[in-house]
Amino acid sequence: MGNRGRFGKYGDIKRIGRLRRAKKDIAIGKEFVRRGDDGSRPGDGAAFPKMALRLQMAKGSHWDFIIDLSGRVFHEYGPYDKIIQEWLASGMAFTILSVHGRRPVGFAMINLLPKEYGPQDETELLAIAVEPGMQRSGVGQRLIKVVEKKAKALDIKRMALHTGEGNFVARRFFEKAGFTELRTERNFYPKGQNALVMIKDICASIPSPSGSGSDV
Ligand SMILES: CC(C)(COP(=O)(O)OP(=O)(O)OC[C@H]1O[C@@H](n2cnc3c(N)ncnc32)[C@H](O)[C@@H]1OP(=O)(O)O)[C@@H](O)C(=O)NCCC(=O)NCCS
């Protein structure tokens, strides 16, 4: 995940007030979100046999879940419940939620700039998280696919991200999703850990895992 006050190379948290005022300009398209798909797991088609896994845009009523999950899974890096709350409130974050049955189970968040900034070539995957009990079931892979598709539809060329240098599960996950390591940023996180910057060219076609349907 990213760090407080950083939105990729574009700015810092001080801009939030201005961005809030420009919130209405942010292009968030419901058309990119498919609802009610069959919930099959990429690759094996059998992880969610009873309840559908849906992907939808996060609304205000989902903030509590997103903040709570972030506080739990990112706590070793810093106060990410508060940091994520600031990103949500900034109006610069586009967030996709994954829902299993009626229960939210994960989210992915990227930054999208207001139109006044001009064309956006790069976005940052600010955070992605899946409920611990639902991990390793293909939820994360589907979330990332949908945010990539959203970014691609906005002519964004690259997606970058920060992840903990010691977060080997996340590193493996992002590698499998097509990200490559770019550099290390020392003491990036509020609690002092180094971050690895990873990047993906999203102009290249997004491979569809065999056996999975399209998410959007
Ligand atoms: C990283 C995270 C989002 C992955 O989500 P997920 O739904 O569990 O991942 P998926 O089931 O889609 O896994 C996709 C691939 O990632 C890799 N992967 C995921 N979890 C893994 C694990 N525990 N060990 C090894 N590889 C793993 C595998 O290659 C997997 O494919 P496979 O199951 O076919 O082998 C999830 O582990 C998480 O929420 N972690 C805590 C928060 C975090 O660290 N976020 C990333 C930094 S922002």
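Chemist: Any chance you could explain the environment of L143 here in plain terms?
Modeler: Relative to the assigned elements, L143 resides in helix α4 (residues 139-153). Residues L143 and Q56, spaced 87 residues apart in sequence, show a C-alpha to C-alpha distance of 9.7 Å. Residues contacting L143, with those up to four places away along its chain left out, are L55, I96, L97, S98, G106, F107, A108, I128, A129 and V130.

Chemist: When you look at the packing of helix α2 (residues 63-73) against helix α3 (residues 80-90) in this model, what are you seeing that I'm missing?
Modeler: Relative orientation and spacing of two packed helices are given, respectively, by the angle between their axes and the distance between those axes. The interhelical angle for the contact between α2 and α3, taken along N-to-C directions, is 145 degrees, at an axis separation of 7 Å. Between α2 and α3 lies a crossing whose hand is right-handed. Where α2 approaches α3, its residues W63, I66, I67, S70 and G71 are matched on the opposing element by Y80, D81, I84, Q85, L88 and A89. Partitioned by chemical class, the residues of the contact of α2 with α3 number seven nonpolar, three polar and one charged.

Chemist: How should the pattern of salt bridges be read in this particular structure?
Modeler: Pairing between side chains of opposite charge can happen when the charged atoms of each approach one another. According to the stated counting rule, one finds six salt bridges in the structure shown. Of the charged contacts, one joins E131 and R72 as a salt bridge, the two residues approaching to 2.8 Å between their closest N and O atoms. A residue pair is termed long-range when its members are at least 10 positions apart, and E131 in the loop between β4 (122-130) and α4 and R72 in helix α2 qualify at 59 residues. When its relative accessible area of 13% is taken as the criterion, E131 is described as buried.

Chemist: Honestly, the packing of α4 against helix α5 (residues 168-176) in this entry has me stumped. Any pointers?
Modeler: The contact between α4 and α5 brings their axes to 11 Å, and the two run at 50 degrees. Considered as vectors, α4 and α5 are oriented oblique to each other. Regarding α4 and α5, the two cross each other, and that crossing is right-handed. Residue-level contacts link G140, Q141 and I144 of α4 to F173, F174 and K176 of α5.

Chemist: Looking at this model, I keep getting lost on the site of the ligand. Mind explaining?
Modeler: Close to the ligand lie 21 residues; V130, R136, G138, G140 and N167 are nearest. Here an oxygen atom of the ligand sits 2.8 Å away from a polar atom, N or O, in the side chain of N167. In isolation the ligand offers 920 Å² of accessible surface; the protein chains occlude 84% of this area. Contributing elements (two or more residues each) for the shell around the ligand: β4, α4 and α5. Among the elements that make up the shell around the ligand, the one with the highest residue count is α5 (five residues). Of the residues contributing to the shell around the ligand, the split by class is ten nonpolar, seven polar and four charged.

The rules behind the values
Residues numbered from 1 in each chain as written. Predicted model: local features only at pLDDT ≥ 70, side-chain atom pairs only at ≥ 80, totals over all residues. Heavy atoms only, no water. Helix = DSSP H or I, 4+ residues; strand = E, 2+ residues; numbered from the N terminus. Contact = heavy atoms within 4.5 Å. Axes fitted to C-alpha atoms, helices over the stretch in contact; angles between N-to-C directions. Left-handed = near helix turned anticlockwise from the far one by under 90°. Nonpolar A, V, L, I, M, F, W, Y, C, P; charged D, E, K, R; others polar. Salt bridge = Lys/Arg side-chain N within 4 Å of Asp/Glu carboxyl O. Buried < 20%, exposed > 50% of the residue type's maximum accessible area, 1.4 Å probe, protein only. Parallel < 35°, antiparallel > 145°, perpendicular 65-115°, else oblique. Near = heavy atom within 4 Å. Polar contact = N/O pair within 3.5 Å; in protein donor to acceptor, adjacent residues only side chain to side chain. Areas by Shrake-Rupley, 256 points an atom, 1.4 Å probe, with all protein chains shown as cover.

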